[in-house]
Amino acid sequence: MLLRRFLPGVALIAVGAGPLLAQTTPTKGQSQPQEVAKATTPGKDPTELKLQEALRERDAIIRNLLERMNELEWRVNGGYTTPPRADERPTLPAASSSRVINSVVSTSTYDTTERQATEALDQALIVRGGLLLPSGTLEIDNTTSYFSASSDHVTVNGFALLPVLVVGDIASERVREDYLLPNMTARLGLPHKFQGEFTVPYGYELIRTVDANNVQTSSSSFGLGDIGAGLSRQLTTEHGKVPDMLANVRFKSTTGKDPYNLQSSQVALGTGFNAIQGNLTLAKSSDPVVFFGNLSYTANLKGNHTVSANDPNNPAATMVGHFNPGDAIGFQLGSILALNPEVSMTVGWDQRFTRSTTLNGVDIPASYLVEGSLRLGTSYVYAPGRTIDLSFGVGLTPDTPNLQFSVGVPFRLGLWGQKPRKLDVH
């Protein structure tokens, strides 16, 4: 079970300590020893007696952990439906008069215990679309992302006499782009395995261009991006060889400043086109790792924008352009490793292919994009319901930002439904 994922060494220690366990485990009908004898036996080495006492304490701790796991597993497999009676609970001998080992988890709180044991892993799956929030749970995720991209452009205005000799003007420029994009995402768990999502991006973008004469020009924008909303539904729940399967549909608006209505010193924070995206996500656990995969298709909707007419006789002339943005298909592959109940680590690969955009039925050059990135991430639960999520990405293709880094601080609130109970340890 999931608790075994975080206690891999217990079973091995218990096997090696078999004789000691047999010596200290009481049989039916025997009374529980109340106190371990002190080192007063004549003829015995005090050091040996202390060692035996330490071994007995170790055996008691091991037995306690195994009994707790057995109780939780019995609960999952259809055992206890109500808290066990006092005479049904496992008993343990005391290790000493001052240290009595008797810490059994009540099975009535199993769901809370299991949820706490995998909170960091669950958070990583929720962010990546592989898990839904419980019904009645609201999560507010404040994530700030930084992207850095660079490119070099060489423009040749002339003709070639030889393959290595060009007559005319050769102009080169270096372009550096920096984006700082805070996003506020609200997720709400709904009944019948649904989840709603609403995203508001608000960020800053800076583009610097340096020409061949080492003259730098810059343009920037700060404001609202394209607001989006989505709805998710869990189609299957993992059992046997069947993985968790989740479907999601998202809509992106055009609330951000688009590239067709800019002033000279501004850059776009939106695309200028509405979009609908469908996602199918699979997740399969293999303790302590969860593997996930995602397949997505984005339909960028057509739109009309005013653009330059490219008339040499009238440079200021404009016309209405009919744009058909290229649709995109992408996938994600990755795994999430639960290091302990508070920490998980993620390794993933994102890939997306975007078809060429057409203007008045003609393909726009260089508008076909291939984006690929390698991502590493970690989630840390620093308080109940409070998590910090870090993600680092490296672009693998020229169309992808060179560096991607994000910090998310989600927190959860219970709006309705049963409130989580505290862990009952007695």
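Residues numbered from 1 in each chain as written. Predicted model: local features only at pLDDT ≥ 70, side-chain atom pairs only at ≥ 80, totals over all residues. Heavy atoms only, no water.

Can you explain the overall build of the chain? Please cite residues and give values.
Counting its regular elements, the chain contains six helices and 17 strands. Looking at the chain residue by residue over its 426 residues, the buried ones come to 36%. The long-range fraction of contacts in the chain, counting pairs at least 24 apart against all pairs at least 6 apart in sequence, stands at 61%. (Helix = DSSP H or I, 4+ residues; strand = E, 2+ residues; numbered from the N terminus. Buried < 20%, exposed > 50% of the residue type's maximum accessible area, 1.4 Å probe, protein only. Contact = heavy atoms within 4.5 Å.)

If you had to explain the nonpolar core to someone new, which residues and values would you point to?
Leu 121, Ala 124, Leu 125, Ala 283, Val 290, Phe 292, Ile 336 and Ala 338 together form the largest nonpolar core, which totals eight residues. Of all the secondary-structure elements, those providing two or more residues to this core are helix 6 (119-127), strand 8 (289-300) and strand 11 (328-340). Here the element with the most residues in this core is helix 6; it accounts for three residues. Residues contacting Phe 292, with those up to four places away along its chain left out, are Arg 128, Leu 282, Ala 283, Gln 332, Leu 333, Gly 334, Ser 335, Ile 336 and Thr 346. (Core = buried A, V, L, I, M, F, W, Y, C linked by side-chain atoms within 4.5 Å.)

Quick one: what's the story with the pattern of salt bridges, residue by residue and with numbers?
Under the counting rule described, the total for this entry stands at 11 salt bridges. With its nearest N and O atoms 3.4 Å apart, the salt bridge here joins Arg 187 to Asp 141. Remark: Asp 141 occurs in strand 1 (residues 137-162) and Arg 187 occurs in strand 2 (residues 165-190); sequence separation between them is 46 residues. Overall, the relative accessible area of 6% leaves Arg 187 in the buried class. Lys 252 is paired through a salt bridge with Asp 226; the nearest N and O atoms lie 2.9 Å apart. (Salt bridge = Lys/Arg side-chain N within 4 Å of Asp/Glu carboxyl O.)

So what's going on with a nonpolar patch on the surface? Which residues, and what values?
There is a patch of nonpolar side chains on the surface, built from Leu 333, Val 347, Trp 349, Leu 374, Leu 376, Leu 390, Phe 392, Val 394, Leu 396, Leu 403 and Phe 405 and spanning about 890 Å² of accessible area. Residue assignment for the nonpolar patch shows that the elements contributing at least two residues are strand 12 (343-354), strand 15 (369-383), strand 16 (386-395) and strand 17 (403-414). The leading source of residues in the nonpolar patch is strand 16, at three residues. Checked against the element boundaries, Leu 376 lands in strand 15. (Patch = residues over 30% accessible without salt bridge, like charges linked within 9 Å, V, L, I, M, F, W, Y side chains within 5 Å. Areas by Shrake-Rupley, 256 points an atom, 1.4 Å probe, with all protein chains shown as cover.)

Please provide a residue-by-residue account of the packing of aromatic side chains, values included.
Any two aromatic rings considered together are summarised by their centre-to-centre distance and by the angle between their planes. Using the criterion set out here, one finds five aromatic pairs in the structure. Summarising the aromatic geometry, the rings of Tyr 260 and Phe 273 are spaced 6.0 Å apart at their centres and angled 80 degrees between planes, so their arrangement reads as edge-to-face. Separated by 13 residues along the polypeptide, Tyr 260 in the loop between strand 6 (244-252) and strand 7 (275-286) and Phe 273 in the loop between strand 6 and strand 7 bring together distant segments of the chain. For Phe 273, a relative accessible area of 7% translates into the label buried. Note on Phe 331 and Trp 349: the rings are 5.2 Å apart at their centroids and 90 degrees apart in plane angle, and the pair reads as edge-to-face. (Phe/Tyr/Trp six-rings, centres within 6.5 Å; stacked < 30°, edge-to-face > 60°.)

Give me the lowdown on the sheet that holds strand 9 (residues 303-308), citing residues and values where you can.
With antiparallel pairing, four strands are arranged side by side in an open sheet as 9-10-13-14. At either end of the open sheet lies a strand with only one pairing partner, and these are strand 9 and strand 14 (362-363). Pairing of strand 9 with strand 10 (residues 318-324) involves six bridges; the strand directions are antiparallel. Paired with Val 307 across the two strands is Met 319, which belongs to strand 10. (Pairing = 2+ DSSP bridges.)

An account of unusual backbone geometry is requested, with residue identities and associated values reported.
The backbone phi angle of Asn 360 is positive, close to 55 degrees, even though this residue is not glycine. Take Asn 360: it is sitting in the loop between strand 13 (358-359) and strand 14. Phi is positive for Ala 366, close to 65 degrees, though the residue is something other than glycine. Counting through the fold element by element, Ala 366 comes out in the loop between strand 14 and strand 15.

Could you give an account of the confidence of the model for the chain, naming the residues involved and the relevant values?
Looking at the chain as a whole, its pLDDT mean stands at 75, while 70% of the residues score no less than 70. The low-confidence segment residues 420-426, where pLDDT is below 50, has 20 contacts with residues more than four positions distant or belonging to other chains. (pLDDT = per-residue confidence, 0-100.)

Tell me about the pairing of strand 10, and name the residues and values.
Of the strand pairs in this sheet, strand 10 and strand 13 are connected by two bridges, and their pairing is antiparallel. Counterpart to Asn 324 in the pairing with strand 13 is Thr 358.

Can you lay out the side chain of Thr 281 for me, pointing to particular residues and giving the numbers?
Its location among the elements puts Thr 281 in strand 7. Residue class for Thr 281 comes out buried when judged on its relative accessible area of 3%. Among the polar contacts listed, one links the side chain of Thr 281 to the side chain of Asn 294, at a separation of 2.8 Å. Leaving out residues up to four positions away in the same chain, Thr 281 has contacts with Gly 129, Gly 130, Asp 244, Met 245, Leu 246, Gly 293 and Asn 294. (Polar contact = N/O pair within 3.5 Å; in protein donor to acceptor, adjacent residues only side chain to side chain.)

Could you give an account of the pairing of strand 7, naming the residues involved and the relevant values?
Here strand 6 pairs with strand 7 via nine bridges, running antiparallel. Across the sheet, the residue bridging to Met 245 is Leu 282, located in strand 7. Direction of pairing for strand 7 relative to strand 8: antiparallel, over a ladder of 12 bridges. Counted as the bridge partner of Ala 275 is Asn 300 from strand 8. Counted along the chain from strand 7 to the antiparallel partner strand 8, the turn is two residues long.

I'd love a proper account of the side chain of Thr 387, names of residues and values included.
As for its placement among the helices and strands, Thr 387 is situated in strand 16. In this view, Thr 387 contacts Gln 123, Ser 379, Tyr 380, Val 381, Tyr 382, Gly 408, Val 409 and Pro 410; residues no more than four positions away in its chain are not counted.

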